[in-house]
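Structure at a glance
Here are the chains, one letter per residue:
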Amino acid sequence: MTRHNDQSDRDRFGTIAVGAADTETHPHRDGTNDVVPPIHLSTTFEWASGEDGNEHDYSRESNPTRAALEAQLARLEGGEHGLAFASGMAATSTTMLSLVPPEGHVVSSDTIYSGTEKLLTDHMAGHLDVDIDFVDARDPDNVADAVTAGTDLIWAETPSNPLIRLCDIQAIADIADDHDTPFGVDSTFASPYYQAPLELGADVVVHSTTKYLNGHSDSIGGAVITDDSEVSEQLAFAQRVGLGNMLSPFDCYLVARGIKTLPARMEHHEKNAMEVARFLERHERVASVHYPGLESHPQHELASEQMSGYSGMLSFEFDGTLIELEAFVEGLEVFTPGASLGGVESLVEVPSLMIPDEFSRSEASAEIPETLVRVSVGLEDADDLCEDLRTALP
Ligand SMILES: Cc1ncc(COP(=O)(O)O)c(C=O)c1O
């Protein structure tokens, strides 16, 4: 298995994230010597005659700030092509709509972000008659059993939201290869710092840049990275000519700025998450903790092999009533109850109480326990985080 950890570009991840010595993301240096790529707000660019013409004509199709971010995203994932979208869902839906025809077939892991699940069940199945098979992808044999010669896409989210389950990217990539089927991975929870699905054989990687890549809870965005030129062209055509769901120049700037501190933030997120996970594991009102960094996680070994770290996302099952759980959430002072994840501040989300849409899923997808609490561990002092939980838990 190729481990991201063993790669020389992995050793240079910090250098790549900062963007040093990178002429692609710093083309402007030729002109002004800016250290930070500027925000190009122009919607249109003066036409130039001649064979080469203009690099940019109209900002829906291409924009210098977006092009710099897209090159940076591709480098971070170790891929050839990067595309920046207006949201994680725009990245996922454009990938699915481009790769799966009406009446096509998708095999998806059964624990995925609720929005992706709704996209598959309501839009792909509901409007386009696409046949969706949700399978427990923790066992690659379940994926192999569901894939047929007519499957158009295999989709997996690992680690998954909110159950923090993993699937073996390389094993599923081998199945996808056997059937000549594209394999897409939503790697949002790991971020490019801790997981490199393309190196493990995936064809397409999707991120909600809203989360770790931007990292400061102030920009909604998404990314797709692939080595496959044909797929990249299909997606770029859908994005630029049809759907028009690209990331704005200002948001590109925010994501590019966030990326520079991604390695430092991820190390800190992971260190804090490990302390919070160990604290929760010892608490008598916590029935179970789902964190891939814990030896007790059933897929700890797989996590150690295919990820180079365990990231900052965990969930736990509260041992008590929903009323007690609500009181716990209201008693928190350092953690903020709220949706989203991957920012510098710690957040908790109880899907059954706070996000009814997330909680109500199709029967085919994995059940979410009513007292499940999802935790995005931020960058506060770990002692303060544990003390906040200790005080708020009954
Ligand atoms: C794993 C995962 N993928 C995709 C998305 C969708 O991203 P966005 O909210 O940026 O559209 C989310 C949002 O929470 C997510 O958690």
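Residues numbered from 1 in each chain as written. Predicted model: local features only at pLDDT ≥ 70, side-chain atom pairs only at ≥ 80, totals over all residues. Heavy atoms only, no water.

A few words on the site of the ligand. The environment of the ligand is formed by 14 residues, the closest being Gly88, Met89, Asp186, Ser208 and Thr210. Here Thr210 contributes a side-chain N or O atom positioned 2.7 Å from an oxygen atom of the ligand. Side-chain polar atom of Lys211 to an oxygen atom of the ligand: 3.0 Å apart, as the coordinates give it. Protein contact buries 92% of the 390 Å² of open area that the ligand shows by itself. For the shell around the ligand, the residue count by class is four nonpolar, seven polar and three charged. (Near = heavy atom within 4 Å. Polar contact = N/O pair within 3.5 Å; in protein donor to acceptor, adjacent residues only side chain to side chain. Areas by Shrake-Rupley, 256 points an atom, 1.4 Å probe, with all protein chains shown as cover. Nonpolar A, V, L, I, M, F, W, Y, C, P; charged D, E, K, R; others polar.)

Another point: the sheet that holds strand 3 (residues 131-135). Pairing is mixed in the open sheet, where seven strands are placed in the order 1-7-6-5-4-2-3. Every interior strand has two partners, whereas the edge strands, strand 1 (81-85) and strand 3, have only one. The average undirected angle you get between the axes of adjacent strands in this sheet is 20°. Pairing analysis gives five bridges linking strand 1 to strand 7 (residues 222-226), with the strands arranged antiparallel. (Pairing = 2+ DSSP bridges. Helix = DSSP H or I, 4+ residues; strand = E, 2+ residues; numbered from the N terminus. Axes fitted to C-alpha atoms, helices over the stretch in contact; angles between N-to-C directions.)

Let us look at the domain arrangement of the chain. In terms of domains, the chain is made up of domain 1 (9-259) and domain 2 (262-392). Using only C-alpha atoms to locate each centre, domain 1 and domain 2 end up separated by 26 Å. In total, about 3,500 Å² of surface goes out of reach between domain 1 and domain 2, with carbon and sulfur atoms giving 58% of it. Where domain 1 touches domain 2, the interface holds zero salt bridges. Elements supplying a minimum of two residues to the side of domain 1 that touches domain 2: helix 2 (13-18), helix 5 (114-128), helix 7 (169-179), helix 8 (191-194) and helix 10 (249-260). (Domains from an automatic or database assignment. Buried area = accessible area lost by both parts, 1.4 Å probe. Salt bridge = Lys/Arg side-chain N within 4 Å of Asp/Glu carboxyl O.)

A separate point is helix 13 (residues 322-331). Here helix 13 has its buried residues at Leu325, Phe328 and Val329. Buried residues of helix 13, viewed axially, fall in a sector of 95°; they line one side. Exposed residues pointing more than 90 degrees away from the buried face of helix 13 are listed as Ile323 and Glu330. Against the buried residues of helix 13 lie strand 9 (313-318), strand 10 (336-337), strand 12 (372-376) and helix 16 (382-392). (Buried < 20%, exposed > 50% of the residue type's maximum accessible area, 1.4 Å probe, protein only. Arc of directions from axis to C-beta. Contact = heavy atoms within 4.5 Å.)

Another aspect to go through is the pattern of salt bridges. Tallied over the full model, the rule gives eight salt bridges. A salt bridge links Arg278 to Glu295; the shortest N-O distance between them is 3.6 Å. Of the two residues, Arg278 sits in helix 11 (residues 262-282) while Glu295 sits in the loop between strand 8 (286-290) and helix 12 (300-306), which places them 17 residues apart along the sequence. In this structure Arg278 comes out as partly exposed when scored by relative accessible area, which is 33%. For Glu349, the salt bridge goes to Arg374, with nearest N and O atoms at 3.1 Å. Of this pair, Glu349 sits in strand 11 (residues 347-349) while Arg374 sits in strand 12, and the two are 25 residues apart along the sequence. Across the pair, exposure class does not vary: Glu349 and Arg374 are buried alike. When salt bridges that share partners are traced, they join Arg66, Glu70 and Arg240 into one network.

So, on to a negative patch on the surface. Taken together, the side chains of Glu80, Asp227, Asp228, Glu230 and Glu233 make up a negatively charged region of the molecular surface. Along the chain, Glu230 falls in helix 9 (residues 229-243). (Patch = residues over 30% accessible without salt bridge, like charges linked within 9 Å, V, L, I, M, F, W, Y side chains within 5 Å. Lys, Arg positive; Asp, Glu negative; His and termini not counted. Charge placed at Lys NZ, Arg CZ, Asp CG, Glu CD.)

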